[in-house]
Each structure stands twice: as C-alpha cells, then as structure tokens.
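Now for the letters of each chain:
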Amino acid sequence: MMNTHLRYAPVKFNKELPEDIFYQALIGKNTEFQNYTACDKTGKYTGKIIGKMERLHPVSGIQYFPSFKSEDSFYISFVRSHKKGMGTKLLNFASMISKKMGGGGKFHLIASERYSTKPIPPHIFYRKYGMNSLESDLIFKIDRYLKGKMCLENIDFYDTPMYFIPRKNGQSAKKLPVLKKLLRLFKI
C-alpha cells in the first residue's frame, strides 16, 4: 500500500558525498570568531578549526609576516584533527576561507605544544605544510630536523607565531632570499 499523503517524492542524489564535510557552527552571539567542524560521510567528528579574519599591522602587536605592510589574513586560534590526514585538510580549508574573505589564502597562528597530545610538537607539522616564521633560528633547526641532521630533543620549542602565504606560479614557499641563504652558510 502506497502512502498517498506525501507531497514530494524522495530525493535521490547522483553524486556521492564528499569524503569530509565541513560545516559552520555557532559559538555565541557577540563573537567575531567562526567555528568550523568537520565530519566524515558517516557523521563521525574528524576535526575542528576556530578562527577569524584579521588585518595585521606590522607595528602593532605580534609580527607574523615578513613584510612591513598591513596584511589581511585568517587567524587560526584553535585547530584539532582526529583523523590521519585531517590536519592538512583543515589548513587547506583555512586557506580557502581566507581566499573567500579577501585574505588571498594567507593564514597565521601561534604554534604551541601546550595542548598537543602528540609526541612531536605541532611546529614540525606546520613547517612540513609550508608555514614559515620570523623566528629564523627555530625554523633553521626544524629544517635540520626534517633533513635528519638534528635530534628533536636538541630543539627548544616555544610558542611561535607562524604564517602561511600560498605559492604563486610554482614558487616554493620555503625558499629564502639569497642574502639569508648566504648568512646561514656561516652559522653552525
């Protein structure tokens, strides 16, 4: 017996659901931060990112970017992944949000191991992703660790402002200006 009181027929989708679904959740009424949660096809929670768009001025507060001009960038105040590979997807999502809000894909954060449950500090993951910092000594040590030339125990990790600027025309985000490369040749 067919149910005749239905007004519309059931909906069928021709496309499959994406692997990860991001949705915006409300934090509170009077906040400028946006809360994005990610889940997989089954509805299982896989990650979260909280942040806001900011206009950074180089002479006020913490300087994230190497230029001496004001920058629009998405500030990530909290990021947590609960699935392998999800951290990269969350940072890609932050870059996409930045593009949509006029930041050109740039984002910034403070790398901290205070809330990390993993044995390797998040600074390492952020550097592998392509993020940089004005803390050049720490970045130099992280790069040496990634090349297998330094032990993790020999690096003093601290709360570090880090930034990401998307690559343009195949340019590497990790490339340093020639002068900095020459100066590093004389460091031990």
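Look above for the structure.
Calculation rules
Residues numbered from 1 in each chain as written. Predicted model: local features only at pLDDT ≥ 70, side-chain atom pairs only at ≥ 80, totals over all residues. Heavy atoms only, no water. Phe/Tyr/Trp six-rings, centres within 6.5 Å; stacked < 30°, edge-to-face > 60°. Helix = DSSP H or I, 4+ residues; strand = E, 2+ residues; numbered from the N terminus. Buried < 20%, exposed > 50% of the residue type's maximum accessible area, 1.4 Å probe, protein only. Salt bridge = Lys/Arg side-chain N within 4 Å of Asp/Glu carboxyl O.

Enquirer: Please clarify how the packing of aromatic side chains should be interpreted in this entry.
Expert: The geometry of two aromatic rings is summed up by the distance between their centres and the angle between their planes. One pass over the structure, following the stated rule, counts 7 aromatic pairs. Between Phe 22 and Phe 93, the aromatic rings sit 4.2 Å apart at their centres with planes inclined by 5°, giving stacked as the arrangement. With Phe 22 in strand 1 (residues 20-25) and Phe 93 in helix 1 (residues 86-100), the pair connects residues that are 71 residues apart, well separated along the chain. The class of Phe 22 is partly exposed, set by a relative accessible area of 26%. On the accessibility criterion, Phe 93 (12% relative accessible area) is buried. When the ring of Phe 107 is compared with that of Tyr 129, the centres are 6.1 Å apart and the planes differ by 45°; the resulting orientation is tilted.

Enquirer: What is the right way to look at the pattern of salt bridges in this model?
Expert: For the structure shown, the criterion picks out 6 salt bridges. Linking Arg 55 and Asp 72 is a salt bridge whose minimum nitrogen-to-oxygen distance equals 2.8 Å. Of this pair, Arg 55 sits in strand 3 (residues 45-56) while Asp 72 sits in strand 4 (residues 71-81), placing them 17 residues apart in sequence. Measuring nitrogen to oxygen at the nearest pair gives 2.6 Å for the salt bridge that ties Arg 114 to Asp 159. Within this pair, whereas Arg 114 is found in the loop between strand 5 (107-111) and helix 2 (122-129), its partner Asp 159 is found in the loop between helix 3 (136-146) and strand 6 (160-164), the two being separated by 45 residues in sequence. Residue classification places Asp 159 among the partly exposed positions, given a relative accessible area of 33%.

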